Amino acid sequence: MSSFAGESQRFTKQMISKRNSPERIADQGFFWLTLVMAASVALLLIWIGLQIFTAAFPAISTYGLGFLTSTTWNPVSNVYGLLPQIYGTLVSALVALLIAVPLGVGVAVFLSEDFIPYTLRDAISMGIELIAAIPSVVLGLWGIFVFVPFMRPFYTFLNSTLGWIPLFAGSPRGFSLLTLSLVLSVMIMPIIISISRGTLNQLPPELRLGAMALGATRWETILRVLIPAGLSGIIGSVMLALGRAMGETMVAAMLVGNANRLSASLLDPGSTIASLIASQFAEAGRVQVQVLMYAGLVLMFMTLVINIVAEMIIKKFQNIE
Amino acid sequence: MLFSKLVSRRASLVSISLATAVTIAACGGGTTDGEVPSATEPAAGGGSGEAVALTGAGASFPAPLYQRWFDAYNREVDSNAQVSYQSVGSGAGLEQYIAGTVDFGASDAPIQGDRLESFKAAYDDADPIQVPMAGGAVVLAYNLPDFTVEEEISLARETYCGIILGDITNWNDPAIAADNEGVEFPDLPITWAHRSDGSGTTFIFVNHVNEVCDGWEGGVGTSVDWPVGVGGQGNEGVAAQIQQNEGTIGYVEYAYAKLNEIPRASLENASGNFVYPDAEAASLAFEGVEVPEDFGLLVPDPSNADAYPIAGLTWILVYPEYENEATWETLKSILLWGLTDGQDITTELDYVPMPDSIVERVREVLDGVQVN
């Protein structure tokens, strides 16, 4: 805010002291144009938030905070609780991150080192970006017809050997939080890879040369120097991926099994907030629509909190540098 | 000679671009009243009069039928009539209908409750006009090892109610064996598969369950709280649950089950007969039934002795008054065409056509719509 004021003051001073050449007018015009653009984005966000809040308000006043902790979802008798969906959203996104972060960072390191020639690297990274371009509904259908039947023996194995852990209990049927997490990890990996790779590529070459000159092996250079130096970018990519995973709708609706109950097992069908909204909105009655708006608001809030935490983490690591 | 050639070529052009328009509208969902994708504009001059663009929104259950109707009408009857139908779901369709942003709405459940009230409030206490366009059946599809489409199984009312309520949990249950004498059933746990998204199919199904199953507490709605089972997104989701898991049974739309050749069960109807689901048996469900004044006909348990027990209607909602005469006349002739000449398409797509008695009454009601 203060920098904006300073900027415009500077411009005002210049306006007084210098005559109006066309160049200056264009310059000033450009400043105001970009200002309007920036402001309109913020306004749009506020406007959408307000609209959702207004639409959700009747549900908020009826169901209150108890909505977040109860587990029944019964549109016929208008009893609603969002806890299974909140749980499903967080768990599926976290498991997806657990899979995608090591893989994604690993691929990013591989692609930013000189293990293989440039042309091959470019080919691989282009392939990765193509994964990001697959429409989520296609991934969902692929999940239903290819991935789930393919994974079923693995699930059965997991269940029969590790079934004593509550996480893998239940009867494995394919459509589950774990299936969703696996497909989500495929979807978010390109985000992690391309941003992390960009960060690693932009590190000053002196870092690498210095580490090597001190006698560090390549392994040590990567783990002790390059990754810590690029950590803010890597964490940024992870947070972006987390946001994507939590908000993913179509894949979630098609693969999570949409059971509105709370279960500790990853092999049981679950539900996420986004999948709930997608599958219920079209045929919803009036009260149900208000409740779904409330659920949307909860999801927005969760994403907001995660973004704030991400900002804080990134700032902290940047200070260390 | 040359002229007629020209016209026919133009007509085919119209149909192609209309098909595109319908697809675009179905995907985008953002089209509002009178707004037709510009691709149709040049072709629209092909017929004699002015092009009439109609917009509708609502149920997804009859969407394939409506889109075929509107396309065929445009091609065969009147190339000026361009209808885009957005299958956004009954709930969203009714909201658009009440808000007046479409020319007609479509719903799988009769308009009622607070939506009916707000329609009346918005239109000077006038009643919405809902007319049934087609019917559909809902079948119980299952997956048992070594059973094929031809080898049908039969389920009595207590039996399928028991499966839905979670009381019968294994295929070797004596109740199932009693319904199917001479058939060996494996020792296999039963999994119930249901729709997880809000759907007209669910509405038709639970409407029946609510009537015949003692102990059903879920009520009637487009999405309900199931006591047991797993959910699938859309017909394809439920079908995948069934086809990929032995021992699963669930409900899907008749047309979908038939198209994908999923085995489906014969069910016991109100007269105690076991009826295999097909379009003819489903249409008997509506025969000889007193149709209420507002066409809000629900047959949770048809009394006809040969009727398949789970069937329902789907409605189109028109306004009691239209401002533009061309709009209403076109819409009216399309709807009546669909109910009469369009019945070939209805049966081809495995929907249930409306009997003549209902068509006549629809005609009378549509004649009462005002234009000013």
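Residues numbered from 1 in each chain as written. Chains lettered and ligands numbered in written order. Predicted model: local features only at pLDDT ≥ 70, side-chain atom pairs only at ≥ 80, totals over all residues. Heavy atoms only, no water.

Draft legend 1. Representation of the overall build of chain A in the model. Secondary structure assignment for chain A yields twelve helices and two strands. Starting at the N terminus, the α and β elements of chain A follow one another as α-α-β-β-α-α-α-α-α-α-α-α-α-α. By principal-axis analysis of the C-alpha atoms, chain A measures approximately 75 × 60 × 35 Å. Within chain A, the fraction of its 321 residues that count as buried is 42%. Looking at chain A as shown, the accessible area adds up to about 16,900 Å², and 72% of this sits on carbon and sulfur atoms. (Helix = DSSP H or I, 4+ residues; strand = E, 2+ residues; numbered from the N terminus. Buried < 20%, exposed > 50% of the residue type's maximum accessible area, 1.4 Å probe, protein only. Areas by Shrake-Rupley, 256 points an atom, 1.4 Å probe, with all protein chains shown as cover.)

Draft legend 2. Just the nonpolar core, in detail. Grouped together as the largest cluster of nonpolar side chains are 107 residues, with contacts concentrated most on Leu140(B), Trp171(B), Phe205(B) and Val318(B). The element contributing the most residues to this core is strand 4 (residues 129-142) of chain B, with ten residues. If sequence neighbours within four positions are ignored, Leu140(B) has contacts with Leu155(B), Tyr160(B), Trp192(B), Phe205(B), Ile249(B), Gly250(B), Tyr251(B), Pro263(B), Arg264(B), Ala265(B), Leu267(B) and Tyr308(B). Grouped together as the second largest cluster of nonpolar side chains are 77 residues, Met151(A), Leu200(A), Leu203(A) and Val256(A) included. (Core = buried A, V, L, I, M, F, W, Y, C linked by side-chain atoms within 4.5 Å. Contact = heavy atoms within 4.5 Å.)

Draft legend 3. Inspection of the domain arrangement of chain B at higher detail. All names here are of chain B. Taken domain by domain, chain B holds domain 1 (21-135 + 312-371) and domain 2 (137-283). Contacts between the two partners involve eight residues from domain 1 and, on the opposite side, eleven residues from domain 2. Buried area between domain 1 and domain 2, summed over both chains or domains, comes out near 950 Å², and the portion from carbon and sulfur atoms is 68%. Its largest share of buried area at the contact with domain 2, domain 1 owes to Phe61, Asp350 and Val352, together 54% of the area lost on that side. The interface formed by domain 1 and domain 2 holds one salt bridge in total. In this structure, Lys258 engages Asp350 in a salt bridge whose closest nitrogen and oxygen atoms are separated by 3.1 Å. On inspection of domain 1 and its partner domain 2, the count reaches one residue pair in polar contact (both at pLDDT 80 or more). Counted by class, the side of domain 1 that touches domain 2 contains five nonpolar, one polar and two charged residues. (Domains from an automatic or database assignment. Buried area = accessible area lost by both parts, 1.4 Å probe. Salt bridge = Lys/Arg side-chain N within 4 Å of Asp/Glu carboxyl O. Polar contact = N/O pair within 3.5 Å; in protein donor to acceptor, adjacent residues only side chain to side chain. Nonpolar A, V, L, I, M, F, W, Y, C, P; charged D, E, K, R; others polar.)

Draft legend 4. Highlighting the pattern of salt bridges. Per the counting criterion, the structure on display carries 15 salt bridges over all chains. Between Arg75(B) and Asp71(B) there is a salt bridge, with its nearest N and O atoms 3.0 Å apart. In this pair, Arg75(B) and Asp71(B) both sit in helix 3 (residues 63-76), four residues apart, roughly one turn of the helix. Judged by its relative accessible area of 41%, Arg75(B) is partly exposed. Of the charged contacts in the structure, one is a salt bridge between Asp367(B) and Lys332(B), with a shortest N-O distance of 2.6 Å. Taken together, the residues span a long stretch of sequence, with Asp367(B) in helix 14 (residues 356-367) and Lys332(B) in helix 12 (residues 325-339) at a distance of 35 residues. By sharing partners, the salt bridges in this structure join Glu113(A), Asp114(A), Arg208(A) and Arg218(A) into a single network.

Draft legend 5. Representation of the packing of aromatic side chains in the model. For the coordinates displayed, the defined rule picks out 31 aromatic pairs over all chains. The interplanar angle of 50° and the centroid separation of 5.8 Å between the aromatic rings of Phe53(A) and Phe57(A) together place this pair among those described as tilted. Taken as a pair, Phe53(A) and Phe57(A) lie in helix 2 (residues 22-63) at a separation of four residues, close to a single helical turn. Of the residues examined, Phe53(A) reaches a relative accessible area of 37% and is grouped as partly exposed. What makes Phe57(A) partly exposed here is its relative accessible area of 45%. For the pair Phe119(B) and Tyr319(B), a centre-to-centre distance of 6.4 Å together with 20° between the ring planes defines the contact as stacked. In this pair, Phe119(B) is assigned in helix 5 (residues 113-122) and Tyr319(B) in the loop between strand 11 (311-318) and strand 12 (321-322), connecting sequence segments 200 residues apart. The pair Phe119(B) / Tyr319(B) is uniform in exposure class, with both members buried. Each member of the aromatic cluster is reached from another via a ring pair, and the members are Tyr97(B), Phe119(B), Tyr123(B), Tyr319(B), Tyr322(B) and Trp328(B). (Phe/Tyr/Trp six-rings, centres within 6.5 Å; stacked < 30°, edge-to-face > 60°.)

Draft legend 6. Quick peek at the sheet that holds strand 2 (residues 81-86) of chain B. All names here are of chain B. Taken together, the eight strands give an open sheet; going across it, the order is 2-1-3-11-4-8-6-7, and neighbouring strands pair in mixed fashion. Pairing within the sheet leaves two strands with one partner each, and these edge strands are strand 2 and strand 7 (230-232). Adjacent strand axes in the sheet meet at a mean angle of 25°, parallel and antiparallel pairs treated alike. Relative to strand 11, strand 4 runs antiparallel, the two being bridged by eight bridges. Within the sheet, the bridge partner assigned to Gly135 lies in strand 11 and is Leu313. The strands touched by helix 14 within the sheet are strand 4 and strand 11, with strand 4 carrying the most contacts at an inclination of about 145°. (Pairing = 2+ DSSP bridges. Axes fitted to C-alpha atoms, helices over the stretch in contact; angles between N-to-C directions.)

Draft legend 7. Quick peek at the pairing of strand 3 (residues 104-107) of chain B. Residues and elements named next belong to chain B. By the alternation rule, side chains of strand 3 split into Phe104 and Ala106 and Gly105 and Ser107, which are all buried. Note: strand 3 against strand 11, three bridges, orientation antiparallel. Considered in strand 11, the bridge of Ala106 is made with Ile316.

Draft legend 8. View of the confidence of the model for chain B. Per-residue confidence for chain B averages 81 on the pLDDT scale, and 86% of its residues sit at or above 70. Low pLDDT, under 50, characterises residues 1-47 of chain B; the predicted model gives this stretch 45 contacts beyond four residues in sequence or across chains. (pLDDT = per-residue confidence, 0-100.)

Draft legend 9. Structural view of the interface of chain A and chain B. Taken residue by residue, the interface counts 26 residues in chain A and 35 residues in chain B. Note on chain A versus chain B: buried area summed over both sides is about 2,400 Å², and carbon and sulfur give 42% of it. Of all residues in chain A, Arg173(A), Glu283(A) and Arg286(A) bury the most surface against chain B, accounting for 34% of the area lost on that side. Put simply, chain A and chain B have one salt bridge between them. Here Arg286(A) makes a salt bridge to Glu95(B), at a shortest N to O gap of 2.8 Å. Here chain A is connected to chain B by twelve residue pairs in polar contact (both at pLDDT 80 or more). Secondary structure elements with two or more residues in the side of chain A that touches chain B: strand 1 (73-74), helix 5 (136-162), helix 10 (250-255), helix 11 (273-281) and helix 12 (286-320) of chain A. Here the side of chain A that touches chain B gets five residues from one element, more than from any other, and that element is helix 5 of chain A. Its residues assigned to classes, the side of chain A that touches chain B shows 13 nonpolar, eight polar and five charged.

Draft legend 10. Up close: the domain arrangement of chain A. All names here are of chain A. Partitioning chain A into domains gives domain 1 (2-59) and domain 2 (69-320). Between domain 1 and domain 2, the C-alpha centre-to-centre distance is 35 Å. Counting from both sides, the interface comprises seven residues of domain 1 and, opposite them, six residues of domain 2. In this assembly, domain 1 packs against domain 2 so that about 640 Å² is buried in total across both faces, 86% of it on carbon and sulfur atoms. Applying the counting criterion to the domain 1 and domain 2 interface returns zero salt bridges.

Draft legend 11. Structural view of a nonpolar patch on the surface. Residues and elements named next belong to chain A. On the surface, Ile131, Ile134, Val137, Val138, Leu141, Trp142, Phe145, Val146 and Met250 cluster together into a nonpolar patch covering about 690 Å² of accessible area. Ranked by residue count, the leading element in the nonpolar patch is helix 5, at six residues. Here Leu141 lies in helix 5. Overall, the relative accessible area of 35% leaves Leu141 in the partly exposed class. (Patch = residues over 30% accessible without salt bridge, like charges linked within 9 Å, V, L, I, M, F, W, Y side chains within 5 Å.)

Draft legend 12. How the structure looks around the sheet that holds strand 5 (residues 154-155) of chain B. Ordered in space as 5-9-10 (chain B), the three strands form an open sheet in which the pairing is mixed. Unpaired on one side and paired on the other, strand 5 and strand 10 (274-275) of chain B mark the two borders of the sheet.

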